[in-house]
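Each chain, written out:
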Amino acid sequence: MVDPGPAWPVASAAGCRIRLADGRELVDGMSSWWCAIHGYNHPALNEAVADQLGRMAHVMFGGLTHEPAMALGRRLIDIVPAGLDRVFFCDSGSVAVEVAIKMALQYWFAQGQPRKARLLTLRGGYHGDTFGAMAVCDPVNGMHERFTPVLARHLFAPRPRSRFGGPLQPGDLDEFTALLGAHAQELAAVILEPIVQGAGGMWFYCAEYLAGVAALCREHDVLLIADEIATGFGRTGRLFACEHAGISPDILCLGKALTGGYLTLAATLTSGRVARGISADGGPLMHGPTFMANPLACAVAARSIDLLIEGPWQARVAAIEAQLRAELGPLSAHPAVAEVRVLGAIGVVQTRQPVPVEPLQRHFVGAGAWIRPFGHLVYLMPPFVISPGELSLLTRAVASGLDTLT
Ligand SMILES: *Cc1c(COP(=O)(O)O)cnc(C)c1O
């Protein structure tokens with residue numbers, strides 16, 4: 001508010017390049033916070049928005065419906081984990097999380113179980129910036145620590161220790177199991193980010209842990225909310241991260257890459273069972289955002305999903321993963337580096353000390369790369385359409401940036 005850091009004016013963006021007002025071009029390593037999976041200024045996505053704009057930009061979604069929303073809903077139901085066939089459209093990821101929490105609470109209220117009103121989550125998580133979402137972010141790393149006194153008090157299990165790709169470590173699920181067992185009577189739902197914890201620490205955990213959580217939720221009659229806002233649409237090498245563990249949650253949150261980075265839109269999906277439960281006392285779900293199912297956003301989201309599904313996304317993500325392993329992997333020997341980890345189109349360099357964000361970002365811009373580090377983390381999350389040469393420019397920038405830290 002009073003002393004903002006530097007901000008580089010952007011004139012345009014195309015493909016994987018962000019063009020600054022001074023004419024310099026930066027290769028995009030962030031996909032604009034995980035969203036722009038097809039790159040910028042994509043002809044097919046531009047066309048989807050323009051076509052829809054010629055018909056209508058928006059109409060209210062109460063008592064009216066439209067083809068862009070129905071087409072997008074059908075596509076989502078086709079591709080998400082089995083059993084999720086009810087779709088609620090809302091404005092942003094955080095709101096999708098609010099809606100998911102409300103679905104879970106209203107489900108239990110309508111069953112005559114008002115005591116089931118708390119949530120259990122994992123430390124190291126991030127679920128958004130609104131009040132319901134803040135209350136399930138990591139209480140320390142989650143950016144919202146100062147609001148703790150006014151947030152709902154939920155339960156936190158430790159961050160999983162077992163790593164992605166490895167076995168479940170003995171005892172890793174114990175504390176989660178104990179919390180769930182002790183509090184099942186007052187728990188509406190477990191909420192977590194499947195496989196990849198994003199903004200709370202860029203941590204990749206064991207699929208068996210996630211499968212264990214899903215089984216325990218069923219056993220104790222607690223709903224499972226999977227927040228795939230960051231992981232959805234191929235980023236981890238599967239279309240949805242839940243697929244790594246072969247699970248279907250009761251409620252699924254989608255956002256970020258949903259529109260290919262064009263417009264703000266999110267969706268919360270649930271099963272027929274939960275939907276009927278919510279309405280068991282005769283009421284609808286009590287949420288109704290003004291811009292619900294905005295037609296422009298729905299039209300571009302449907303086109304983005306078609307582009308993804310019809311294109312070679314698995315091969316692209318696998319190639320990015322292999323190149324990130326080859327080019328970031330050796331940095332684990334760098335004196336400033338604690339660890340390098342790669343999963344799908346996500347490459348993470350964890351540093352020993354917190355990074356000096358401003359000078360490091362200046363260095364990256366000087367090297368022609370758009371990379372925004374935070375905390376102990378320098379990470380790459382490029383558009384899936386990035387070329388090997390562009391990706392190498394990013395990994396070289398990371399390497400030379402780390403040299404400035406020692
Ligand atoms: C970004 C994110 C959110 C919040 O989405 P917004 O669109 O920024 O409100 C919620 N959950 C996860 C896992 C996210 O990565």
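If you're wondering where the values come from, they're calculated on a predicted model, not measured in any experiment.

Some details on the overall build of the protein
Turning to step 1, where the next piece is worked out: Counting its secondary structure elements, the protein contains twelve helices and 16 strands.
Turning to step 2, where the next piece is worked out: Taken over the C-alpha trace, the protein has a radius of gyration of 21 Å; the compact-globule value for 406 residues is 22 Å, and the two agree within 12%.
Turning to step 3, where the next piece is worked out: Reported as C-alpha extents along the three principal axes, the dimensions of the protein are approximately 60 × 55 × 45 Å.
Turning to step 4, where the next piece is worked out: Once the 31 positive and 35 negative side-chain charges of the protein are each reduced to a mean point, those two points are 1 Å apart.

Here's the deal with the nonpolar core
Soluble, globular proteins show a tendency: their nonpolar side chains are buried together.
Turning to step 1, where the next piece is worked out: Counting 122 residues, the largest nonpolar core has Leu72, Leu76, Phe176, Val190, Phe233 and Ile371 as the members making the most contacts within it.
Turning to step 2, where the next piece is worked out: In terms of residue count, the dominant contributor to this core is helix H4 (residues 93–110) (ten residues).
Turning to step 3, where the next piece is worked out: Not counting chain neighbours up to four residues away, the residues in contact with Ile371 comprise Met30, Gln361, Phe364, Val378, Tyr379, Leu380, Leu394, Ala397 and Val398.

Thoughts on the domain arrangement of the protein
Note: interface size is frequently given as the accessible area lost on complex formation between the parts.
Turning to step 1, where the next piece is worked out: Per the domain assignment, the segments of the protein are domain 1 (10–34 + 312–403) and domain 2 (47–310).
Turning to step 2, where the next piece is worked out: Centre-to-centre, using C-alpha coordinates, domain 1 lies 27 Å away from domain 2.
Turning to step 3, where the next piece is worked out: For the pair domain 1 and domain 2, the summed buried surface comes to about 1,800 Å²; carbon and sulfur atoms form 69% of the total.
Turning to step 4, where the next piece is worked out: On the domain 1 side of the contact with domain 2, Trp34, Trp313 and Leu343 bury the most area, a combined 46% of that side's loss.
Turning to step 5, where the next piece is worked out: The tally of links between domain 1 and domain 2 comes to one salt bridge.
Turning to step 6, where the next piece is worked out: We note a salt bridge from Arg163 to Glu339, for which the minimum N-O separation is 2.8 Å.

Looking at unusual backbone geometry
It is generally the case that most residues other than glycine have a negative phi and that most peptide bonds are trans.
Turning to step 1, where the next piece is worked out: The backbone phi angle of Asn41 is positive, close to 55°, even though this residue is not glycine.
Turning to step 2, where the next piece is worked out: With respect to the element layout, Asn41 can be found in the loop between helix H1 (31–34) and helix H2 (43–55).
Turning to step 3, where the next piece is worked out: Exposure remark for Asn41: the relative accessible area of 47% places this residue in the partly exposed category.

What to know about the site of the ligand
Turning to step 1, where the next piece is worked out: All residues adjacent to the ligand are Ser92, Gly93, Ser94, Tyr126, His127, Gly128, Glu193, Asp227, Ile229, Ala230 and Lys256.
Turning to step 2, where the next piece is worked out: The separation between a nitrogen atom of the ligand and a polar side-chain atom of Asp227 is 2.7 Å.
Turning to step 3, where the next piece is worked out: Within the side chain of Lys256, a nitrogen or oxygen atom sits 2.6 Å from an oxygen atom of the ligand.
Turning to step 4, where the next piece is worked out: Comparing atom positions with the cavity grids shows the ligand to sit within the largest pocket.
Turning to step 5, where the next piece is worked out: The residue makeup of the shell around the ligand, split by class, is three nonpolar, five polar and three charged.

Observations concerning the pairing of strand E12 (residues 266–270)
Turning to step 1, where the next piece is worked out: Counting buried residues along E12, five of its five residues qualify, which places the element largely inside the surrounding structure.
Turning to step 2, where the next piece is worked out: By the alternation rule, side chains of E12 split into Ala266, Thr268 and Thr270 and Ala267 and Leu269, which are all buried.
Turning to step 3, where the next piece is worked out: The sheet contact formed by strand E4 (residues 86–90) and E12 spans five bridges and is antiparallel. Bridging from a neighbouring strand, Cys90 pairs with Ala266 of E12.

Observations concerning the packing of helix H11 (residues 357–366) against helix H12 (residues 388–403)
The relative placement of two packed helices is expressed as an angle between their axes plus a distance between the axes.
Turning to step 1, where the next piece is worked out: Where H11 contacts H12, the axes come no closer than 9 Å and their chain directions differ by 140°. Between H11 and H12, the interaxial angle falls into the category oblique. When you trace H11 past H12, the crossing you get is right-handed. Facing H11, whose interface residues are Leu360, His363 and Phe364, H12 presents Ala397, Val398, Ser400 and Gly401.

Observations regarding the packing of helix H6 (residues 174–183) against helix H7 (residues 207–220)
Turning to step 1, where the next piece is worked out: The interhelical angle for the contact between H6 and H7, taken along N-to-C directions, is 15°, at an axis separation of 11 Å. Between H6 and H7, the angle is such that the two are roughly parallel. Crossing of H6 against H7: the hand is right-handed. Of the residues in H7, those touching H6 at Phe176, Thr177, Leu180 and Gly181 are Tyr209, Val213, Leu216, Cys217 and His220.
Turning to step 2, where the next piece is worked out: Here the contact of H6 with H7 is built from residues that sort into six nonpolar, three polar and no charged.

Looking at H2
Turning to step 1, where the next piece is worked out: For H2, with 13 residues, the first-to-last C-alpha span of 19 Å sits near the 18 Å given by 1.5 Å per residue.
Turning to step 2, where the next piece is worked out: Turning to H2, its buried residues are Ala44, Leu45, Ala48, Val49 and Gln52. All buried residues of H2 project into a common sector of 140° when viewed along the axis, lining one side. More than 90 degrees from the buried face of H2, the exposed residues found are Pro43, Leu53 and Gly54.
Turning to step 3, where the next piece is worked out: Taken together, the buried residues of H2 touch helix H3 (67–79) and helix H9 (295–310).

Criteria and cut-off values
Residues numbered from 1 in each chain as written. Predicted model: local features only at pLDDT ≥ 70, side-chain atom pairs only at ≥ 80, totals over all residues. Heavy atoms only, no water. Helix = DSSP H or I, 4+ residues; strand = E, 2+ residues; numbered from the N terminus. Rg over C-alpha atoms; globule rule 2.2 N^0.38 Å. Lys, Arg positive; Asp, Glu negative; His and termini not counted. Charge placed at Lys NZ, Arg CZ, Asp CG, Glu CD. Core = buried A, V, L, I, M, F, W, Y, C linked by side-chain atoms within 4.5 Å. Buried < 20%, exposed > 50% of the residue type's maximum accessible area, 1.4 Å probe, protein only. Contact = heavy atoms within 4.5 Å. Domains from an automatic or database assignment. Buried area = accessible area lost by both parts, 1.4 Å probe. Salt bridge = Lys/Arg side-chain N within 4 Å of Asp/Glu carboxyl O. Near = heavy atom within 4 Å. Polar contact = N/O pair within 3.5 Å; in protein donor to acceptor, adjacent residues only side chain to side chain. 1 Å grid on protein atoms, 1.4 Å probe; cavity = no way out; pocket = protein on both sides within 12 Å on 5 of 7 lines; lining within 4 Å. Sits in = over half its atoms within 2 Å of the grid points. Nonpolar A, V, L, I, M, F, W, Y, C, P; charged D, E, K, R; others polar. Pairing = 2+ DSSP bridges. Axes fitted to C-alpha atoms, helices over the stretch in contact; angles between N-to-C directions. Parallel < 35°, antiparallel > 145°, perpendicular 65-115°, else oblique. Left-handed = near helix turned anticlockwise from the far one by under 90°. Expected span 1.5 Å × (residues − 1). Arc of directions from axis to C-beta.

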